[in-house]
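Listed below are the residues making up each chain.
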There are 2 protein chains.
Amino acid sequence: MAAYKPFEEVRRIAVLGTGTIGASWTAYFLARGYDVTAWDPADGWKQRLQAFVDNARPQLKAIGTAVESEGTLTMVDDPATAVSDADFVQENAPERAPIKLDLYRRIDNAVPATTVVATSTSGLILSDLQDGIGFAERLVVGHPFNPPHLIPLVEVVLGKATDRAAAEWAHGFYGHIGKHAIYVNKEVPGHLANRLQAALWREAVNAVAEGLASVEDVNAAIAQGPGLRLALMGPHMVFNLTGGKGGYAAMLEQFGPPIEGWWKDMQKTPALTPELKAELIAGIKDEMGDRTIDDLEAQRDERLIALLKMLKETAA
Amino acid sequence: MAAYKPFEEVRRIAVLGTGTIGASWTAYFLARGYDVTAWDPADGWKQRLQAFVDNARPQLKAIGTAVESEGTLTMVDDPATAVSDADFVQENAPERAPIKLDLYRRIDNAVPATTVVATSTSGLILSDLQDGIGFAERLVVGHPFNPPHLIPLVEVVLGKATDRAAAEWAHGFYGHIGKHAIYVNKEVPGHLANRLQAALWREAVNAVAEGLASVEDVNAAIAQGPGLRLALMGPHMVFNLTGGKGGYAAMLEQFGPPIEGWWKDMQKTPALTPELKAELIAGIKDEMGDRTIDDLEAQRDERLIALLKMLKETAA
């Protein structure tokens, strides 16, 4: 990793694409003291980005993420200019390969020779984005979880042309700035966290489709039960503690066989037909009652910030 | 529901079986002001039950569950005596049908004529426990989530002989005492919440088996990401907010097709071979490092209590 800049020397970060994800990254990097040069092709993006950053600032202070001296935000009209003096680039262009490839070509001659470029892509396969790109060996997936300025997780994935040292640099840098980076060792659709979430959702949709429970009761089956622990530890660690003093070995011994039986009974993949979608939407409307999306978002954000604060205060 | 006692007139609850689940129920009922008559056949159970209740009391005060005047605990040596004047019975015998059926026969003549009996069973099918039992029409599943004195969820399931009004009484009574009860409308192995959890775990095991990520990184993929939201809302509500202002309909439109694609790529059910179990156990040991099970349990309980307190304080 000698070729890459020591984390302590990183000063300037370029953010390309400032929709929801890019704006959230911008707020995070600024709060951590980095100067950010941002670029986006959309009309009115500068005003929206500034508003997002101003709105996120108190949240980042509340959860203890912000350092004393916030970085400076510069907004430019050309992506090559944005990356030209960047020590790190976080790219958040729309989720279509031709758009990202076109952007990579536009910045290819401007990315400094030791700068790592991370793409926030959630749905594309990185190896499909590396052909003919000069900085391909320094191009990695750095997939955050929405909203990136609050949720710690970043998934790091290598493509066929990625230098392992560049991926290690990105993984290390995310950790250095307070994110929780993990390695996803293979290129699969959805990376890892979204696949895990999709697996849970599959059974949650099945439960409604099969008449096992209402949408509201399926939600409660998680949020009033096992979901409470999933904010504290992942599924393997939950089951490690299910085993009591015997740990994971005891859990696997006692509950492995019955769960394998349930798995056999849970082979169905639902088809998202118009009828099923209508049933899911109607169920959510029932549960929402008088509450609007805005009400629910406000409560989620309030609670998410309180949760992150608590987790930080009780960290081992 | 005229036949069943108004919730306000319930005074005495019988708890049969005082292992981990029964002891936790006992602590909860006492904290809510009910007199509890407990029975267990094991040596030394009275001392263990008293210790559990004493340990849980400050937790129940911390999360605001305890009412001013705690109920009285009576421990008896015969299950028929325990239920004879009970307004509600919560049964927590070992998870084997012959043991539960034998217990039901022992108490059959003693259960008062309008008293509902709930079984905490997680793995048995209720209809298999109702033949030849006099109170079968008042026998329901009331399955809690461990530990019942902290986790709100209770799953209510009817068997073939259960009177719907008895199930409605149990559902209503759990709500009356501060639990969150849901209906599971069919008898399936694992009820609902454990099946949802098993669906997530299936993919978490696959991820390790396929070399997609380490045990520790799979845990972080949930706990540092989507798990944070699952403590606040269930999977359908999470995706309702993923849709932004357009709600669940917009989410299904935009993300339904890609997730259906992931589902096709996620059809594998892992076999819990000795090699795979060893890999899971080794991964957890790596993640635990110097920490013992006791350390992890203590941190989980501290955080769970702080989380429940926060959720109560921020309830809409």
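- The name given to chain A in an unreviewed UniProt entry is 3-hydroxyacyl-CoA dehydrogenase, with Thalassobaculum litoreum DSM 18839 as the source organism.

Section: the sheet that holds strand β6 (residues 139–144) of chain B
Turning to step 1, where the next piece is worked out: Strand order across the open sheet formed by 8 strands is β3-β2-β1-β4-β5-β6-β7-β8 (chain B), with mixed pairing between neighbours. Of all strands in the sheet, those with a lone pairing partner are β3 (73–76) and β8 (180–183) of chain B, marking the two edges. On average, each strand axis in the sheet is tilted by 25° relative to the strand beside it, whichever way the strands run.
Turning to step 2, where the next piece is worked out: Helix α7 (residues 215–223) of chain A rests against β7 (153–158) and β8 of chain B of the sheet, and its axis sits at about 135° to β8(B).

Things to note about the UniProt feature "domain: 3-hydroxyacyl-CoA dehydrogenase NAD binding" (unreviewed entry) in chain A
Turning to step 1, where the next piece is worked out: Here, UniProt's "domain: 3-hydroxyacyl-CoA dehydrogenase NAD binding" (unreviewed entry) annotation points to residues 13–186 of chain A.
Turning to step 2, where the next piece is worked out: Regarding residues 13–186 of chain A, the helix share stands at 34% and the strand share at 21%, and the terminal C-alpha atoms are separated by 27 Å.

A look at the pairing of strand β2 (residues 35–39) of chain A
Residue and element names in this part refer to chain A.
Turning to step 1, where the next piece is worked out: For β2, the buried fraction is high: 4 of the 5 residues fall into the buried class.
Turning to step 2, where the next piece is worked out: Where strand β1 (residues 12–16) lies against β2, 5 bridges are found, and the strand directions are parallel. Opposite V15, over in β2, you have A38 as the bridge partner.
Turning to step 3, where the next piece is worked out: Read from β1 through helix α1 (residues 20–31) to β2, the crossover connection turns out right-handed.
Turning to step 4, where the next piece is worked out: Looking at chain direction, β2 and strand β3 (residues 73–76) are connected through 4 bridges and run parallel. Looking at β3, one finds that T37 is bridged to T74.
Turning to step 5, where the next piece is worked out: Taking the sense of rotation as the criterion, the β-α-β connection linking β2, helix α2 (residues 45–62) and β3 turns out right-handed.

Some remarks on the packing of aromatic side chains
Residues and elements named next belong to chain A.
Turning to step 1, where the next piece is worked out: Enumeration according to the criterion identifies 26 aromatic pairs over all chains in this entry.
Turning to step 2, where the next piece is worked out: Judged by centre distance (5.8 Å) and plane angle (85°), the rings of F88 and Y174 are edge-to-face. In this pair, F88 sits in strand β4 (residues 88–91) while Y174 sits in helix α5 (residues 164–176), placing the two residues 86 residues apart along the sequence. In this structure, F88 and Y174 share a single accessibility class: buried.
Turning to step 3, where the next piece is worked out: Among the aromatic residues, those joined into a cluster by ring pairs are F7, W25, F29, Y34, F88, W169, F173 and Y174.

Overview of the sheet that holds strand β6 (residues 139–144) of chain A
Residue and element names in this part refer to chain A.
Turning to step 1, where the next piece is worked out: Within the open sheet, the 8 strands sit side by side as β3-β2-β1-β4-β5-β6-β7-β8. Their pairing is mixed. Every other strand in the sheet has two partners, leaving β3 and β8 (180–183) as the edge strands with one partner each. Going from strand to strand, the sheet's axes swing by 25° on average, the running direction of each strand aside.
Turning to step 2, where the next piece is worked out: Packed onto the sheet, α2 meets β2 and β3 and runs at close to 160° relative to β3.

Here's the deal with empty space enclosed by the protein
Turning to step 1, where the next piece is worked out: Following the criterion strictly, the structure yields 3 cavities of 30 Å³ or more and no others.
Turning to step 2, where the next piece is worked out: Forming the boundary of the largest cavity are A:A199, A:R202, A:E203, B:A199, B:R202, B:E203 and B:M266.

Observations regarding the packing of helix α6 (residues 193–209) of chain A against helix α11 (residues 274–288) of chain A
All names here are of chain A.
Turning to step 1, where the next piece is worked out: Put simply, α6 and α11 touch, their axes get as near as 10 Å, and they point 95° apart. Comparing their axes, α11 and α6 come out roughly perpendicular. Contacts between α6 and α11 pair V205, V208 and A209 from the former with L276, E279 and L280 from the latter.
Turning to step 2, where the next piece is worked out: When its residues are assigned to classes, the contact of α6 with α11 shows 5 nonpolar, no polar and 1 charged.

Section: the interface of chain A and chain B
Turning to step 1, where the next piece is worked out: Across the boundary between the two partners, chain A contributes 103 residues, which contact 103 residues of chain B.
Turning to step 2, where the next piece is worked out: Here chain A meets chain B over a buried area of about 10,100 Å², counting both sides, of which 70% is carbon and sulfur.
Turning to step 3, where the next piece is worked out: The largest per-residue losses of area from chain A upon contact with chain B belong to A:W201, A:L212 and A:W263, which jointly make up 8% of the total buried on that side.
Turning to step 4, where the next piece is worked out: The shortest N-O distance in the salt bridge between B:D294 and A:K245 comes to 2.7 Å.
Turning to step 5, where the next piece is worked out: Our enumeration of links across chain A and chain B arrives at 40 residue pairs in polar contact (both at pLDDT 80 or more).

Some points on the UniProt feature "domain: 3-hydroxyacyl-CoA dehydrogenase C-terminal" (unreviewed entry) in chain A
Turning to step 1, where the next piece is worked out: Here, the residues flagged by UniProt with the feature "domain: 3-hydroxyacyl-CoA dehydrogenase C-terminal" (unreviewed entry) are residues 190–268 of chain A.
Turning to step 2, where the next piece is worked out: Structurally, residues 190–268 of chain A comprises 72% helix and 0% strand, and the distance from its first C-alpha atom to its last is 20 Å.

Structural notes on the domain arrangement of chain A
Much of the literature gives interface size as the accessible area that the parts lose upon coming together.
Residue and element names in this part refer to chain A.
Turning to step 1, where the next piece is worked out: If you check the domain split of chain A, you get domain 1 (7–183) and domain 2 (193–313).
Turning to step 2, where the next piece is worked out: Taking only C-alpha atoms, the centre of domain 1 and the centre of domain 2 are 30 Å apart.
Turning to step 3, where the next piece is worked out: On the domain 2 side, the residues contacting the 13 residues of domain 1 number 9 residues.
Turning to step 4, where the next piece is worked out: Of the roughly 890 Å² buried where domain 1 meets domain 2, counting both sides, 68% is carbon and sulfur surface.
Turning to step 5, where the next piece is worked out: Looking at the side of domain 1 facing domain 2, the largest losses of area belong to I63, F145 and L150, adding up to 47% of the total buried there.

Description of the pairing of β8(A)
Turning to step 1, where the next piece is worked out: Bridging between strand β7 (residues 153–158) of chain A and β8(A) involves 4 bridges; their strand directions are parallel. When the bridges of β8(A) are listed, A:L153 appears paired with A:H180.

Criteria and cut-off values
- Residues numbered from 1 in each chain as written.
- Chains lettered and ligands numbered in written order.
- Predicted model: local features only at pLDDT ≥ 70, side-chain atom pairs only at ≥ 80, totals over all residues.
- Heavy atoms only, no water.
- Pairing = 2+ DSSP bridges.
- Helix = DSSP H or I, 4+ residues; strand = E, 2+ residues; numbered from the N terminus.
- Axes fitted to C-alpha atoms, helices over the stretch in contact; angles between N-to-C directions.
- Contact = heavy atoms within 4.5 Å.
- UniProt positions renumbered as here; feature names shortened; annotations may be inferred.
- Buried < 20%, exposed > 50% of the residue type's maximum accessible area, 1.4 Å probe, protein only.
- Right-handed = clockwise from strand over helix to strand, strands pointing away.
- Phe/Tyr/Trp six-rings, centres within 6.5 Å; stacked < 30°, edge-to-face > 60°.
- 1 Å grid on protein atoms, 1.4 Å probe; cavity = no way out; pocket = protein on both sides within 12 Å on 5 of 7 lines; lining within 4 Å.
- Points joined across faces, edges and corners; volume = space filled by probe spheres on them.
- Parallel < 35°, antiparallel > 145°, perpendicular 65-115°, else oblique.
- Nonpolar A, V, L, I, M, F, W, Y, C, P; charged D, E, K, R; others polar.
- Buried area = accessible area lost by both parts, 1.4 Å probe.
- Salt bridge = Lys/Arg side-chain N within 4 Å of Asp/Glu carboxyl O.
- Polar contact = N/O pair within 3.5 Å; in protein donor to acceptor, adjacent residues only side chain to side chain.
- Domains from an automatic or database assignment.

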